[in-house]
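# Examining the three-dimensional arrangement
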Amino acid sequence: LAKTTQPISMDSYEGQEVNITCSHNNIATNDYITWYQQFPSQGPRFIIQGYKTKVTNEVASLFIPADRKSSTLSLPRVSLSDTAVYYCLVGDRVRSGGYNKLIFGAGTRLAVHP
Amino acid sequence: DVKVTQSSRYLVKRTGEKVFLECVQDMDHENMFWYRQDPGLGLRLIYFSYDVKMKEKGDIPEGYSVSREKKERFSLILESASTNQTSMYLCASSLPGGTQPQHFGDGTRLSIL
């Protein structure tokens, strides 16, 4: 399974754009990149997933360069409620049953200040 | 929206007790998972089920068993609870397929005294 590396913590202010970069040098050809968000005392919540180039949804954008060895989660105009831990995962397709084995690292603790 | 419901948010049990953690999902997902989350260790997969009555061991199955008699319900059983099983337990479900995101419940914080 490809290992991911991301900053332990980040600070930002309300209204700013936040970019969290994740390194995954050993990503395999079939691997997808997925980001989850976790608030205290809640389970992780799926944010966005991509394979290459750029993906955008109503919550965030995901930028993946051509070599796919890194990815950047972009949160536009953050608010206090975006304070959470953000996890970058590289999905490995496990044949049996066809599921995505998730390896959560320590994640990035984002603190948004007023 | 997918709803994954775990029966208890907080649970306190004693060493040696048999403990049942229940999880129900309402989206007809084939896959269901049990994880535990501990500070500094991230989420670790305990067991996985890809169909009714089917199960596979995850990374840390020792001391646990599971039951899936109905598609929507996945139970985690601590056969004889020990203090090192004090943790946050998270249930998740997903459609089959390697790119399908997992949908998590809000967790059960279990304390074994």
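Note that this is a predicted model, so its numbers are computed, not measured.

Criteria and cut-off values
Residues numbered from 1 in each chain as written. Chains lettered and ligands numbered in written order. Predicted model: local features only at pLDDT ≥ 70, side-chain atom pairs only at ≥ 80, totals over all residues. Heavy atoms only, no water. Helix = DSSP H or I, 4+ residues; strand = E, 2+ residues; numbered from the N terminus. Rg over C-alpha atoms; globule rule 2.2 N^0.38 Å. Buried < 20%, exposed > 50% of the residue type's maximum accessible area, 1.4 Å probe, protein only. Contact = heavy atoms within 4.5 Å. Areas by Shrake-Rupley, 256 points an atom, 1.4 Å probe, with all protein chains shown as cover. Lys, Arg positive; Asp, Glu negative; His and termini not counted. Charge placed at Lys NZ, Arg CZ, Asp CG, Glu CD. Phe/Tyr/Trp six-rings, centres within 6.5 Å; stacked < 30°, edge-to-face > 60°. Pairing = 2+ DSSP bridges. Axes fitted to C-alpha atoms, helices over the stretch in contact; angles between N-to-C directions. Buried area = accessible area lost by both parts, 1.4 Å probe. Salt bridge = Lys/Arg side-chain N within 4 Å of Asp/Glu carboxyl O. Polar contact = N/O pair within 3.5 Å; in protein donor to acceptor, adjacent residues only side chain to side chain. Nonpolar A, V, L, I, M, F, W, Y, C, P; charged D, E, K, R; others polar.

## Observations concerning the overall build of chain B
For chain B, the helix and strand inventory stands at 0 helices and 11 strands. Reading the helices (α) and strands (β) of chain B from amino to carboxyl end gives β-β-β-β-β-β-β-β-β-β-β. Taken over C-alpha atoms, the radius of gyration comes to 13 Å for chain B, in line with the 13 Å a tight globule of 113 residues would show. Dimensions of chain B along its principal axes, counting C-alpha atoms only, are 40 × 30 × 25 Å. Across the 113 residues of chain B, 47% fall into the buried class. Partitioning the contacts of chain B with sequence separation of at least 6, the portion at a separation of at least 24 is 55%. Element-wise, carbon and sulfur atoms account for 49% of the exposed surface of chain B, whose accessible area totals about 5,400 Å². The distance from the centre of the 15 positive side-chain charges to the centre of the 15 negative ones in chain B is 6 Å.

## Things to note about the packing of aromatic side chains
Residue and element names in this part refer to chain B. Counting across every chain of the model gives 8 aromatic pairs over all chains. Considering the side-chain rings of Y35 and F104, the 5.6 Å spacing of their centres and the 40 degrees angle between planes classify their relative orientation as tilted. In this pair, Y35 is assigned in strand β4 (residues 31-38) and F104 in strand β10 (residues 103-104), connecting sequence segments 69 residues apart. Both residues of the pair, Y35 and F104, count as buried.

## So, the sheet that holds strand β11 (residues 108-113) of chain A
All names here are of chain A. Strands sit in the order β1-β11-β8-β3-β4 across an open sheet of 5 strands; the sheet is mixed. Each having just a single partner strand, β1 (9-13) and β4 (45-50) make up the two edges of the open sheet. Ignoring which end each strand starts from, the neighbouring axes of this sheet average 25 degrees apart.

## Comments concerning the interface of chain A and chain B
Listed as interface residues are 20 residues of chain A and, on the opposing side, 24 residues of chain B. With both chains or domains summed, chain A and chain B bury close to 1,800 Å², and 53% of this area falls on carbon and sulfur atoms. The tally of links between chain A and chain B comes to 0 salt bridges. The interface formed by chain A and chain B contains 5 residue pairs in polar contact (both at pLDDT 80 or more). Listing elements by their share of the side of chain A that touches chain B, those giving two or more residues are β3 (33-38), β4 and β10 (99-101) of chain A. Broken down by element, the residue count for the side of chain A that touches chain B peaks at 3 residues, all from β10 of chain A. A per-class count over the side of chain A that touches chain B returns 8 nonpolar, 10 polar and 2 charged.

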